[in-house]
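# Structural overview for review
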Amino acid sequence: MIRFEHVHKAFGDKVVLDGLSLEVPEGQTTVLLGYSGSGKSVTIKHVVGLLTPDAGAVTVDDQVVHELDWEGLTELRSRIGYVFQFAALFDSMTVGDNLRLGLVRRALEPGEIQERVEQSLRLVGLSDTEDRYPAELSGGMRKRVGVARAIALRPRYILYDEPTTGLDPVTSAVIDQLMIRVREELGTTAIVVTHDMRSAYTVGDRIAMLYEGRIRQVGTVQEIQETDDPVVRQFIEGRPSLEDPRDAAALSGGSA
Amino acid sequence: MTHPARLRDSAPARQVAGFGTFALDAARALRDRRTWGPLLLEQMRRLGVESVPIALFIALFTGIVLALLSKYIFTGAVPIYFVGTLVGKAIMLELGPVLTGMALAGRVGANIAAEIGTMRVTEQVDALETLAYDKHAYLVVPRVLAGTLMFPVVTALAIALGVTAGYFTSLNLLDLSSAEFVKGLQIFYKFKDIWYGLVKAASFGAAVTLIGCLQGLATSGGAAGVGRRTTLAVVYGCEAILVLDAFWAVVLL
């Protein structure tokens, strides 16, 4: 289980996480919602030790991530797959080599590595791209390769950072189905960071909303859809906030 | 008087501390040979072998100009065979290592900072870490080792060509005989002239590559950030070469 306990994180004067607490149950997909710049990506980067909390702790399987030494962190990372917002594929390597890199690290036999590469690419529907370079792929294909790279490691947990952002509706739906398929076939526990409500309702077992550095509300999809919390309602319904007269004036073309 | 604590927290002090921590992390990553070992030869080719043409180009013209200058300086005052002495000493001790180092600070330092900086801003460095790789073992160690090993090789080639260029210039444009040039070359020659230049070159290689990696990994802010860090890598690399040059002159001469 992944657990966030009163996590604080600031960059200079900007407080991003202000006492965030959240539990991610085993075998489920938890969607982390929030406005752009609210700290969703920062939150999940703590899980793999890419960021260290200023206060509080993130625990994975009862291990406090920021207290692990290098060997411990390496072992932890071998249990977690991370799908980056813009795929973060190594552009000097072919798709196949992108997938092999993590597998080579685990000292698998060459035959098993090749089998995993082919299986993972088949699972994301990109069997014919093994020898192509990331620059030759569309944005949606790159994201699917990013998913393939994560699942090739057979991780226990997968963290998806805005997996459908910037994609057309059809490709977004393909990615959503892919995330569901990965959970069903591999039984992974996942955190999906997004502000795409359609995607959140499709893939999520539970939804948590991050607001002003804390979890504003967490619940099942139905609980979130029926919430009375005005902040959560405004977000999930996509209503603009025009309480600030400058925003209203800018939209109407006048001056405040 | 500046308070010691304020001095410790000043920007230059933080930079030195940051560089020290970075160098220690790279040294620690040397243990992870399984990661950097397979990457070393490729980096030696990219940073060393591919730098040979620019180093030789600079050495060729340095040798020619040095021979012409020394003839201009020595005529009527010093025996003309000292052209060989000046060309040999200047290229082996100073111009070969320093000019090659400067050229490679531009080519190699900029290459490393831009490549790693782009990887940083596109989250490829983060991706590497999530795949359980030590970024220092994967990105820094092979480049620093390649630079430390290959800068002396490239410098040795540059020295050889520079002296040869000076030799042929003396024979064809200055009316020196081959015997006169060789006599001048040998007259004050010491074996130290060779290894002194190569030790300097190795230290330049380590400094330029370390600085390139540090600037690359510190990159933020997209394309503008990559450009800024690439520029800093070249500027700091050249400055480091000049400081190290003076350091070795004090310590070894």
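Maximum bend of helix α3 (residues 33-48) of chain B: about 40°, positioned at leucine 40 of chain B. By the burial criterion, the buried members of α3 of chain B are Thr35, Trp36, Leu40, Gln43, Met44, Arg46, Leu47 and Gly48 of chain B.

To continue, consider the sheet that holds strand β8 (residues 189-194) of chain A. Residue and element names in this part refer to chain A. In spatial order, the strands read β6-β7-β8-β3-β9-β10; together these six strands make up an open sheet with mixed pairing. At either margin of the open sheet sits one strand with a lone partner, and together these are β6 (80-83) and β10 (214-220). Between one strand axis and the next, the sheet turns through 15° on average, direction left out of account. In this sheet, β8 lies alongside strand β7 (residues 157-161) in parallel orientation, the contact comprising five bridges. By the bridge assignment, tyrosine 160 is partnered in β8 with valine 192. Of the strands in this sheet, β6 and β7 touch helix α5 (residues 139-151), which is tilted by about 170° from β6.

Residues and elements named next belong to chain B. There is a patch of nonpolar side chains on the surface, built from Ile54, Phe57, Leu60 and Phe61 and spanning about 360 Å² of accessible area. Within the fold, phenylalanine 57 resides in helix α4 (residues 52-74). Here phenylalanine 57 falls in the exposed class, since its relative accessible area comes to 52%.

Let us now look at the side chain of serine 199 of chain A. Residue and element names in this part refer to chain A. For serine 199, the location among the structural elements is in helix α7 (residues 197-203). Classification of serine 199 by relative accessible area gives buried; the value is 0%. Every residue in contact with serine 199, bar those within four places of it in the chain, is listed here: Thr164, Asp176, Met179 and Gly204.

This part takes up the interface of chain A and chain B. With 23 residues of chain A at the interface, the matching set in chain B holds 17 residues. Together, the buried faces of chain A and chain B total about 1,800 Å²; carbon and sulfur atoms form 55% of this surface. In terms of surface lost to chain B, no three residues of chain A exceed Trp70, Phe90 and Arg105 of chain A, which account for 34% of the buried area on that side. Between chain A and chain B we count three salt bridges in total. Where lysine 45 of chain A meets aspartate 126 of chain B, a salt bridge forms, and the shortest distance between an N and an O atom there is 3.6 Å. Where chain A packs against chain B, one counts seven residue pairs in polar contact (both at pLDDT 80 or more). Within the residue set of the side of chain A that touches chain B, elements represented by two or more residues are α2 (70-77), β6 and α3 (95-105) of chain A. With four residues, the top contributor of residues to the side of chain A that touches chain B is α3 of chain A. The class makeup of the residues in the side of chain A that touches chain B is 14 nonpolar, three polar and six charged.

Definitions and limits used
- Residues numbered from 1 in each chain as written.
- Chains lettered and ligands numbered in written order.
- Predicted model: local features only at pLDDT ≥ 70, side-chain atom pairs only at ≥ 80, totals over all residues.
- Heavy atoms only, no water.
- Bend = angle between axes of the 7 residues up to and from the residue.
- Helix = DSSP H or I, 4+ residues; strand = E, 2+ residues; numbered from the N terminus.
- Buried < 20%, exposed > 50% of the residue type's maximum accessible area, 1.4 Å probe, protein only.
- Pairing = 2+ DSSP bridges.
- Axes fitted to C-alpha atoms, helices over the stretch in contact; angles between N-to-C directions.
- Contact = heavy atoms within 4.5 Å.
- Patch = residues over 30% accessible without salt bridge, like charges linked within 9 Å, V, L, I, M, F, W, Y side chains within 5 Å.
- Areas by Shrake-Rupley, 256 points an atom, 1.4 Å probe, with all protein chains shown as cover.
- Salt bridge = Lys/Arg side-chain N within 4 Å of Asp/Glu carboxyl O.
- Buried area = accessible area lost by both parts, 1.4 Å probe.
- Polar contact = N/O pair within 3.5 Å; in protein donor to acceptor, adjacent residues only side chain to side chain.
- Nonpolar A, V, L, I, M, F, W, Y, C, P; charged D, E, K, R; others polar.

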